[in-house]
Amino acid sequence: MGDEKNFDLKSADGLSRRGFLECMAWVGTGAVWMMSGGVLRSQPLSDFLKHPAKKVESDFTFVQISDTHIGFSKDANKDVISTLNESLAKINAFANTPDLLLHTGDLTHLAKPEQFDTLKQLLGSLKIKDQFFVPGEHDVAAENNEFKNRYGAGSIGDGWYSFDHKGVHFIGLVNVMNLKAGGLGSLGAPQLEWLEKDVKHIKTSTPIVLFAHIPLWSVYPQWGWGTEDSATALGYLKRFGSVTVLNGHIHQVMQKVEGNVTFHTAMSTAFPQPKPGAAPSPGPMKVADTVLRSLLGITSIHAMTGMHEIAIIDKPLQTTADLTNEAHPNSDVASANSITIDNFKFNPESKRIASGTTIRWTNKDDIPHTVVANDGNFKSPLLDTDQSYDFTPQKPGTISYFCSLHPKMTGELVVM
């Protein structure tokens, strides 16, 4: 807590994640979304802005930003500070200053104190003074949990909390702690118990805005894009007439409606990711410089108390449609006792070695990863690009391991 079309997909065969440059769903021009009694109505953002008389009147406006990834400097965007500043300038240019800012996680890329410092300084330029945060998996990757040290005051457990603003009840949840091998995001029993109590005495006519990092619906479980116990959380909200769920993590706009719930994922201000299943794996997507800003942006939300209408407007930094296809070769395993991390995979995923032999994992991806034994036998620090971790098993057996940031990444050592 504390301080925002349809394309014919080409085959991904032969292309690495970095080389697959097809556009994701619901990006580019953006849209206005209005919720009325569980029915979603949309209007293109371009039309919405051309006709001011059609703009949704609201009691207040708040803005969502997500996945700023301060510290990232790879090919997908070598200057994430610049694109964030452009997003902040758009927010400051609003005719009426929004009441609140919600940041839905991955504030930083490596959870370093200096990266949090930089973000704080940048957000200090906003006219919005009431700013609220939930962590992404990148923000809690370091052992000291710098995120909670800075933003955890007044929160419960691992950092969840709620507050009320002008008749709307806001709930910030945390679903990136203790990710398990092969699993999805998780809220956990203590947080779910707290959530049930938190909403128990709230009137059913009260609009609910729930925000967390990983989507609270199954966008694409094969890539870990979902939360395993989200159904339980949403079950506590069935009696409310209007529920809006805001998430980040997937770096693109996707929306759906189920009954009284509108789900919305936001663009990143740092780099795009591929459409679900449209590339071999998720992660930073390299596009032409002229296209990048059409895939980055913010979300503004207009709320009117006493009504079930919420308008959600996605604002890219610029509008364009051309993408550039640029293949990137896969990395090869360097030696017989090495495992390469690339394209969100361990290569090879299963490795036979003799006991007493040192095995080395080297991260060739442009996203940080970890190497963690399922049984706790070893745990690497956060590995940025080209960093390595060594481990020497001393007895025969099979050791299963995974990446604690991206638990769908799994591997095994068969020690002879």
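If you're wondering where the values come from, they're calculated on a predicted model, not measured in any experiment.

Chemist: Describe the overall build of the chain, with residues and values.
Modeler: Within the chain, the regular secondary structure consists of 7 helices and 21 strands. Across the 416 residues that make up the chain, the buried fraction comes to 57%. Of the roughly 16600 Å² that the chain leaves accessible, carbon and sulfur atoms contribute 48%.

Chemist: I'd like a description of the sheet that holds strand β17 (residues 359–363), backed by residues and values.
Modeler: Sheets are built from strands paired through backbone hydrogen bonds, the pairs being either parallel or antiparallel. Taken together, the 4 strands give an open sheet; going across it, the order is β15-β14-β17-β19, and neighbouring strands pair in mixed fashion. Each of the sheet's edge strands pairs with one partner strand only, and the pair in question is β15 (345–347) and β19 (388–391). Each neighbouring strand pair of the sheet contributes to a mean axis angle of 20°, computed without reference to strand direction. In this structure, β17 lies alongside β19, joined through 4 bridges in antiparallel fashion. Note on β19: the bridge partner recorded for Ile359 is Phe391.

Chemist: So what's going on with the pattern of salt bridges? Which residues, and what values?
Modeler: Taken as a whole and assessed by the stated rule, the structure comprises 9 salt bridges. A salt bridge links Lys74 to Asp384, with the shortest nitrogen-to-oxygen separation between them at 3.5 Å. With Lys74 in the loop between β3 (60–65) and α2 (80–92) and Asp384 in the loop between β18 (372–373) and β19, this residue pair connects regions lying 310 residues apart in the sequence. Asp384 carries the same exposure label as Lys74, and that label is buried. A single salt-bridge network, built from bridges that share partners, covers Asp117, Glu146 and Arg150.

Chemist: Talk me through unusual backbone geometry; I want residue IDs and the actual numbers.
Modeler: Between Asn347 and Pro348 the backbone carries a cis peptide bond, its omega angle lying at 5°. You will see that His69, though not glycine, has its phi angle at about 50°, which is positive. Position of His69 among the secondary structure elements: in the loop between β3 and α2. For His69, a relative accessible area of 1% gives the class buried.

Chemist: How would you explain the sheet that holds strand β6 (residues 161–165) if you had to name every residue and give the values?
Modeler: The strand order β6-β7-β8-β9-β11-β10 describes an open sheet built from 6 strands, whose pairing is mixed. At either margin of the open sheet sits one strand with a lone partner, and together these are β6 and β10 (254–258). Averaged over all neighbouring strand pairs, the angle between strand axes comes to 15°, with direction disregarded. Sheet topology places strand β8 (residues 208–211) next to strand β9 (residues 243–247); 4 bridges connect them, and they run parallel. Paired with Leu210 across the bridge in β9 is Val245. Against the sheet, helix α5 (residues 189–200) contacts β6 and β7 (168–172), and its axis sits at roughly 170° relative to β7.

Chemist: Account for the nonpolar core, with residues named and values stated.
Modeler: Counting 48 residues, the largest nonpolar core has Ile91, Phe346, Trp361, Val371, Phe378 and Leu413 as the members making the most contacts within it. Not counting the four nearest positions on each side in its chain, Trp361 is found in contact with Ile339, Ile341, Phe346, Val371, Phe378, Gln387, Ser388, Tyr389, Phe391, Tyr401 and Leu413.

Chemist: Summarise the pairing of β3; cite the residues concerned and give the values.
Modeler: When you tally the buried positions in β3, you get 6 out of 6 residues, the bulk of the element. Of the two faces of β3, the one carrying Phe60, Phe62 and Gln64 and the one carrying Thr61, Val63 and Ile65 are both buried. In this structure, β3 lies alongside strand β4 (residues 100–103), joined through 4 bridges in parallel fashion. Looking at the pairing, Gln64 lines up with Leu102 of β4. With α2 bridging β3 and its parallel neighbour β4, the resulting β-α-β unit is right-handed.

About the cut-offs
- Residues numbered from 1 in each chain as written.
- Predicted model: local features only at pLDDT ≥ 70, side-chain atom pairs only at ≥ 80, totals over all residues.
- Heavy atoms only, no water.
- Helix = DSSP H or I, 4+ residues; strand = E, 2+ residues; numbered from the N terminus.
- Buried < 20%, exposed > 50% of the residue type's maximum accessible area, 1.4 Å probe, protein only.
- Areas by Shrake-Rupley, 256 points an atom, 1.4 Å probe, with all protein chains shown as cover.
- Pairing = 2+ DSSP bridges.
- Axes fitted to C-alpha atoms, helices over the stretch in contact; angles between N-to-C directions.
- Salt bridge = Lys/Arg side-chain N within 4 Å of Asp/Glu carboxyl O.
- Contact = heavy atoms within 4.5 Å.
- Core = buried A, V, L, I, M, F, W, Y, C linked by side-chain atoms within 4.5 Å.
- Right-handed = clockwise from strand over helix to strand, strands pointing away.

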